[in-house]
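# Observations on the model geometry
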Amino acid sequence: MGQISTSIAPPEPRVSAPVGVQRMNIVIVGHVDHGKSTVIGRLLADTHSLPEGKLEQVRAQCELNSRPFEYAFLLDALKDEQAQGITIDAARVFFKTESRPYLILDAPGHIEFLKNMITGAARAEAALLVIDAAEGVQENSRRHGYMMSLLGIRQLAVLVNKMDLVSWDQAVFDGIVREYGAFLDQVGIRPSAFIPVSGRGGDNIADRSQHLAWYRGPTVLEALDAFRSEPAPTDRPFRMPVQDVYKFTKQGDDRRIVAGTIESGTVRVGDHVIFYPSGKKSRVKSIEAFNRPAATRADAGHAVGFTLQEQIYITRGEVATLEPEPRPQVTTRLRVSLFWLGKQPMVKRKEYMLKLGTARVTARVEEILRVMDASTLGTTEQRSAIQRHDVAEAVLKLDRAIACDLAEDIASTSRFVIVDDFEIRGGGIVRETLPDRQTSVRDQVLLRNYKWEPSTVQPERRAEKYNQKAALILITGDSETDRKAVAKALEGKLFEDGKVVYFVGIGSVLYGIDADIERKPENRLEHMRRLAEVANLMLDAGMILIVTAAELTQDDLEVIKTAVQPDWIETIWAGDDITTDLAVDLQLPTGAVPEAVDQVKSHLQDKGIIFRPW
Amino acid sequence: MTAAATMDHLDQLENRSVHILREAYANFKNLGMLWSIGKDSTVLLWLARKAFFGHVPIPLIHIDTAFKIPEMIEYRDRLALEWNLTMIYGQNRQALDAKQTYPDGAIDRIACCKALKTDALKHTLSGEWPRYRLNHAKRVYEVDRNTEAFTGVIVGARADEEGSRSKERYFSPRNAQSHWDVGDQPPEFWNQFKTEFAPGTHLRIHPLLDWTELNIWEYIKRENIPTVSLYYNKGDGKRYRSLGCWPCTQPVESDARTVDEIILELQTGKFANIAERSGRAQDKAGGGGLEVLRRDGYM
């Protein structure tokens, strides 16, 4: 034949599944050497899913190297895998039974490769978990079970492998069923079956074993075919994280399309849609698609796009929801369960990036509530850090509010990952949202956005006309610095450049709009809220607004961010020493005003708020 | 009955790929898409039109080894004009001018793939070598003034093609030398991808990772996607199953004249159990030839 392929993934095998049947993704996990690869090799061989000549080729190679043939070798597609004898990644293997096609994600068992196991498991709808009958339940068996639960995998079959090594003894099998079954129960997983098997002999894999006559349950193949494809959650409230708002005007296309993948629920033309965390509302005008007849509804699981009746300014990171369905949570404080994969432990006071849906925010660990010991599921003593491969419960503080759901309500919009140093280092689910200092302000802002009367002039049109992006430039510093001089000079300069710009000192607000409230510390929140509301109006008018105030804190900024589009705010600290906890976008060292103005201008150009002359 | 209940396997694959394309577009300023003219990257191009509602806001990059079957280039330029694509090609001019290629008899197949494909790709992506961009008004390729490096590159690789591709991520990092560290890849779960990257590194993005060869043809049929005619038997009992350079790619014996016949052939016929790239000579040269190439930056 001469047609030797380097592929472990065979082309479609002879037995054809019924047309239109969905492929199911399965992950196979287990402690290292518990025999996963052998089980997969068997499944491939016994369902005739191997490429022609592959089995013979591997057998011949074994003979050549005077090595006994093992079914596991069928999977060793990569050279260094064979060198090390362990699977280094979650490999994909395709096969078919008579009822449907499968993709098996082979996840490595070694603890070092937990991130690969998670990668494989997160793509799966069901799991096979392999336990060595002779070795019994290992710490990793528990860790894997717990991970399945966190990752949201509800369908699981446990394969008690290498039954040949324990003389097909039912008592050994029953012991593992008791011990591991009790553990799974604790983490909320009810396995569909415990199956005694021998991967090496093919017992109870595709064919019922003669050695295990005492066993009455399904074979592995039967257990696989009994898993159900989980339907996309159309029965839950509508959630669509906004991936982008597209406008291809240059291509002669005037549609403004809000695009995203529907995580749950259904949306129809004419529906009232509310975006969170902003709370802005509109109505669905049309559902758009390419090379497909126009639809009037779209369901969970679909990557879609729709246009809006009333034009509102929204961006990636918002979540589209429907009125009157239950609204998502909006907050900056989350109680979460998370797993950590980073070599450096997760610690307090360090800045991380949290990604949930399409939102991306800075996050800090406010408190580590408990770290769980995966081997016993017990809670360890108070810890100041979350170590690699730990599972923990913690409170995270975000630097601006996001929209999310609780894991028990809508799983997909409760899931987040943590990025550190360019890499995903952890993941988790939201268990509870906690109040933050801006809760009262946020409620007012949500109502304001809900009641907002949108203009027929779109923000993009204003930006085009004024040749600038609306922005709030907060210039602060200790009381000694002359931030007002910089602010006024900047206003003058931008005005001369033809920009629509305005300067407001905090005093102008304090004695006017705030005349009815006393100037004392407990009213600071309300002062900030009012300042932010004024700013919001001027920004909506398309302006660049420059505000000066002494010693703004991060708390102040977070209040302002609640009422003003957060990515429209630039914070500038005038002076050599930053004396508050404010996260600063630009620092101006003490010096001449014209230089400071140039520096700010250059910063605004970098941020695309004003444009550099060509 | 809900639409969700009727989502078949092609719908699932399509929606996932569209999601990934949109994530790539939202996260990378300098994003490009490799278009080999083959069926996979043409399906990818079609999926981009789905993702962006008929538009393709991502430049397409073709690595022209100068040994491609001529019909492939004609087809490329025809679609580029018809679909209003930003079309860029790059090639290894030094090697071609110095006749340091396999067809010239100077080097072996693997070294030739490295020079004309991998090296050309790396230097075209980095902007170090000239890029040629299609001027739609004049219908000619001109040297592109933009020499910024691409930081995200969308590639039509499928996991079922051969062993090394089955270990890829949807978003797969490459270091400054385009090397792929197979043993230490980032985790990827819950539709969250590695979209952050250190300066000098870039990401390969694989929206078709979960598709099989059969899925590709089923989708071509469903969407009526135009494909290059080399894939079909035109009466001589031969067709190409996988397209590459003419000196290293052989047609297979097949009577399949239409997409339907190809699908039938893949499902039940003579190719049901034979790997797709069996007509590609470089895969067999030495042990694990393609993985060695891929670690070094091959697509």
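Residues numbered from 1 in each chain as written. Chains lettered and ligands numbered in written order. Predicted model: local features only at pLDDT ≥ 70, side-chain atom pairs only at ≥ 80, totals over all residues.

Another point: helix α10 (residues 483-496) of chain A. Residue and element names in this part refer to chain A. Here α10 spans 20 Å end to end across 14 residues, near enough to the 20 Å set by a 1.5 Å rise per residue. Every buried residue belonging to α10 is among R483, V486, A487, L490, E491 and L494, and all of these are buried. Along the long axis of α10, the arc covered by the buried residues comes to 135°, so they all point the same way. After α10 finishes, the residue G498 shows a positive phi value of roughly 95°. (Helix = DSSP H or I, 4+ residues; strand = E, 2+ residues; numbered from the N terminus. Expected span 1.5 Å × (residues − 1). Buried ≥ 20, exposed ≤ 12 C-beta atoms within 10 Å, placed from the backbone. Arc of directions from axis to C-beta.)

Now for the environment of B:K39. All names here are of chain B. Along the chain, the position of K39 falls in helix α2 (residues 39-51). C-beta crowding within 10 Å serves as the criterion here: with 24 such atoms nearby, K39 is assigned to the buried category. For the pair K39 and I225, spaced 186 residues apart in sequence, the C-alpha to C-alpha distance is 9.3 Å. Other than its neighbours up to four places away in sequence, K39 contacts I216, I220, T227 and Y231. (Contact = placed C-beta atoms within 7 Å.)

As a further point, take the sheet that holds strand β1 (residues 31-34) of chain B. Residues and elements named next belong to chain B. Strand order in the open sheet formed by eight strands is β5-β4-β3-β2-β1-β6-β8-β7, and the pairing between neighbours is mixed. The sheet is open, and its two edges are formed by β5 (140-143) and β7 (171-174), each paired on a single side. The sheet shows a mean angle of 35° between the axes of neighbouring strands, direction not considered. Here β7 runs beside strand β8 (residues 202-205); their pairing, made up of four bridges, is antiparallel. Each bridged residue has a counterpart across the sheet, and for F171 the counterpart in β8 is I205. Across the face of the sheet, helix α5 (residues 109-126) comes into contact with β2 (60-63), β3 (87-90), β6 (152-154) and β8 while running at roughly 145° to β2. (Pairing = 2+ DSSP bridges. Axes fitted to C-alpha atoms, helices over the stretch in contact; angles between N-to-C directions.)

Let us look at the domain arrangement of chain A. Each domain of chain A was delimited in the assignment, giving domain 1 (24-226), domain 2 (240-323), domain 3 (329-437) and domain 4 (458-606). The straight-line distance from the C-alpha centre of domain 2 of chain A to that of domain 4 of chain A is 33 Å. (Domains from an automatic or database assignment.)

Residues and elements named next belong to chain B. The domain boundaries assigned to chain B delineate domain 1 (4-211) and domain 2 (213-282). Counting residues at the interface gives 26 residues for domain 1 and 25 residues for domain 2. Taken together, the elements giving at least two residues each to the side of domain 1 that touches domain 2 come down to α1 (9-27), α2, α3 (70-82) and α5. The leading source of residues in the side of domain 1 that touches domain 2 is α2, at five residues. Counted by class, the side of domain 1 that touches domain 2 contains 15 nonpolar, three polar and eight charged residues. (Nonpolar A, V, L, I, M, F, W, Y, C, P; charged D, E, K, R; others polar.)

Before going further, it helps to examine α3(B). Residue and element names in this part refer to chain B. If you check α3, its first and last C-alpha atoms are 19 Å apart, about what 13 residues at 1.5 Å a residue would give, namely 18 Å. Those residues of α3 that sit buried are M72, R76 and A80. End-on, the buried residues of α3 take up no more than an arc of 65°, which puts them together on one face. The exposed residues of α3 that point more than 90 degrees off its buried face are P70, E74, R78 and E82. Residues of α3 that are buried in the fold lie against β2, β3 and β4 (132-135).

A separate point is the sheet that holds strand β10 (residues 272-276) of chain A. Taken in spatial order, the six strands line up as β7-β8-β13-β11-β10-β14 (chain A) and close into a barrel, and their pairing is antiparallel. Within the sheet, the average angular offset between the axes of one strand and its neighbour, ignoring direction, is 50°. Pairing analysis gives five bridges linking strand β7 (residues 240-247) of chain A to strand β8 (residues 256-261) of chain A, with the strands arranged antiparallel. For A:V242, the partnering residue across the bridge sits in β8(A) and is A:G260. Packing against the sheet, α1(B) makes contact with β7, β8 and β13 (303-308) of chain A, and its axis sits at approximately 65° to β7(A).

Within the secondary structure, B:S126 sits in helix α5. Take B:S126: there are 16 C-beta atoms within 10 Å of it, and that puts it in the partly exposed class.

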